[in-house]
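# Understanding the architecture of this molecule
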Amino acid sequence: MPTVSTTALTTPTGPVEIPTIGFGVWQVPDDEVTAAVLAALDAGYRHVDTAAVYGNEAGVGRALAETDVDRDDVFVTTKVWNSDQGRDATLAAFDASMERLGLDVLDLYLIHWPTPRHDRYVDTWRALQELRSSGRVRAIGVCNFHAEHLQRLHDETGEWPSINQIELHPYLQQGPLRAFGAQRGIVTESWSPLASGKRVLDDPVIGRIAGERGATPAQVVIAWHLAHDLVVLPKSVTPSRIVENLAATELRLTGADLEAIEALDNGFRTGPNPEEFHGG
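Below, the structure is looked at part by part. (Residues numbered from 1 in each chain as written. Predicted model: local features only at pLDDT ≥ 70, side-chain atom pairs only at ≥ 80, totals over all residues. Heavy atoms only, no water.)

Another point: the overall build of the protein. The number of helices and strands found in the protein is 10 helices and 10 strands. Its C-alpha atoms give the protein a radius of gyration of 18 Å, near enough to 19 Å, the size a compact globule of 280 residues would have. Its C-alpha atoms give the protein principal-axis dimensions of roughly 55 × 40 × 35 Å. Expressed as a percentage of the 280 residues in the protein, the buried residues total 55%. The contacts of the protein with a sequence gap of at least 6 include a subset with a gap of at least 24, amounting to 75%. When the accessible surface of the protein is split by element, carbon and sulfur atoms take 49% of a total near 11400 Å². When the 23 basic and 39 acidic side-chain charges of the protein are each reduced to a single mean position, those positions are 3 Å apart. (Helix = DSSP H or I, 4+ residues; strand = E, 2+ residues; numbered from the N terminus. Rg over C-alpha atoms; globule rule 2.2 N^0.38 Å. Buried < 20%, exposed > 50% of the residue type's maximum accessible area, 1.4 Å probe, protein only. Contact = heavy atoms within 4.5 Å. Areas by Shrake-Rupley, 256 points an atom, 1.4 Å probe, with all protein chains shown as cover. Lys, Arg positive; Asp, Glu negative; His and termini not counted. Charge placed at Lys NZ, Arg CZ, Asp CG, Glu CD.)

Between helix α8 (residues 217-227) and helix α10 (residues 255-262), whose axes approach to 11 Å, the crossing angle comes to 100 degrees. Relative to α10, the element α8 lies roughly perpendicular. On α10, the residues that touch Val220, Trp224 and Ala227 of α8 are Leu258, Ile261 and Glu262. Of the residues contributing to the contact of α8 with α10, the split by class is five nonpolar, no polar and one charged. (Axes fitted to C-alpha atoms, helices over the stretch in contact; angles between N-to-C directions. Parallel < 35°, antiparallel > 145°, perpendicular 65-115°, else oblique. Nonpolar A, V, L, I, M, F, W, Y, C, P; charged D, E, K, R; others polar.)

A word on the environment of Leu9. Note that Leu9 resides in strand β1 (residues 6-9). Spatially, the C-alpha atoms of Leu9 and Ile140 are 9.1 Å apart, while their sequence positions differ by 131 residues. Among all residues touching Leu9, those that are not within four sequence positions of it are Gly14, Pro15, Val16, Ile18, Phe75, Leu108, Ala139, Ser162, Ile163 and Val187.

Among all positions in helix α6 (residues 175-183), only Leu177, Arg178, Phe180 and Gly181 are buried. All buried residues of α6 project into a common sector of 160 degrees when viewed along the axis, lining one side. Every exposed residue of α6 that faces more than 90 degrees away from the buried side is listed here: Pro176, Ala182 and Gln183. Where α6 is buried, its residues meet α5 (147-157), β8 (163-167) and β9 (187-191). Count one or two residues on from α6 and you reach Gly185, which has phi positive near 75 degrees. (Arc of directions from axis to C-beta.)

It is worth spelling out the sheet that holds β8 at this point. Strands in a sheet are paired, the pairing made by backbone hydrogen bonds, and the direction either parallel or antiparallel. The strand order across the open sheet built from eight strands is β3-β4-β5-β6-β7-β8-β9-β10, with neighbouring strands paired in parallel fashion. Because the sheet does not close on itself, it has two edges, and the strands there are β3 (23-24) and β10 (231-232). Pairing analysis gives three bridges linking strand β4 (residues 47-49) to strand β5 (residues 75-80), with the strands arranged parallel. Within β5, the residue paired with Asp49 across the bridge is Thr77. (Pairing = 2+ DSSP bridges.)

Quick look at helix α1 (residues 30-43) now. Helix length check: α1 (14 residues) gives 20 Å between terminal C-alpha atoms against 20 Å at 1.5 Å per residue, within 8%. Of all the residues in α1, the buried ones are Val33, Thr34, Ala36, Val37, Ala40, Leu41 and Ala43. Of the surrounding elements, those touching the buried residues of α1 are β3, β4, α2 (57-66) and α9 (239-246). In the segment just after α1, Gly44 is the residue with positive phi, at about 125 degrees. (Expected span 1.5 Å × (residues − 1).)

This paragraph deals with the packing of aromatic side chains. Enumeration over the complete set of coordinates arrives at eight aromatic pairs. Measuring from centroid to centroid gives 4.6 Å for Trp113 and Phe277, while their planes differ by 55 degrees, and the two rings are tilted. A residue pair is termed long-range when its members are at least 10 positions apart, and Trp113 in the loop between β6 (106-111) and α4 (121-133) and Phe277 in the segment after α10 qualify at 164 residues. Residue classification places Phe277 among the partly exposed positions, given a relative accessible area of 22%. Seen from their ring centres, Tyr171 and Phe268 are 6.2 Å apart, and the 80 degrees between their planes marks the pair as edge-to-face. Placement of Tyr171 in the loop between β8 and α6 and of Phe268 in the segment after α10 is noted, with a sequence separation of 97 residues between them. Linked through ring pairs, Trp81, Trp113, Trp191 and Phe277 together constitute an aromatic cluster. One cation-aromatic arrangement involves Arg199 over Phe268; the distance from NZ or CZ to the ring centre is 4.0 Å. (Phe/Tyr/Trp six-rings, centres within 6.5 Å; stacked < 30°, edge-to-face > 60°. Lys NZ or Arg CZ within 6 Å of the ring centre and 35° of its normal.)

Read these as layout, nothing more, since geometry by itself doesn't imply function.
And the structure:
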């Protein structure tokens, strides 16, 4: 079974270790997610990433209840959706998520999108701080925040998020945002790390490196994320692919491999621009 490394999230009470590869469950139906999470835990994953809007927290909770893996050994993340932002709504949404997950303490709670037009993310952040202070959450962070959103949180609350989960893959490498976070102790986490299977996995550069390394294109891309100290969230419901993705932790790319992949950055997004997305 591959060994999964961890990285430290900064919190006021000390570091919280998060596994650097996690199992994402976006678009996995609730009636399928339990089997998928159990397969991932059996393969060696110890980090599961869900969200209220995914509609599968209950299924993830069933897997956590059924697995033989000790709860303390599984890092669980969920997120507050846009329509539940604001202090009171966030606290209520958290209670509902925890009931569906069947958990008493959550490892990481994230604001799913900044939705700047609604202007509630600072109040939502303060609610997350309350939850952490009460001991119900170990670490708190955000998703899809740009530098100006992160800066405003710090300016108004005196704290940087522990982590920023953003769309990130070889075609959208987010260099300036990653650097902004790194300079402030914010870990960057990659969603859609394989670009949802669109284009990136068929890129001839990725294919060439995969052939030379005796790996799959997906393994090459996951290894690229890990080589840059990113937390990465590949998703699959196929047991063999789940095992295959985790095996990327053992793949080491050369400096030339990394340079070739870095030349692929072209701004291609599979999801919306956070400045423009106000869904929910």
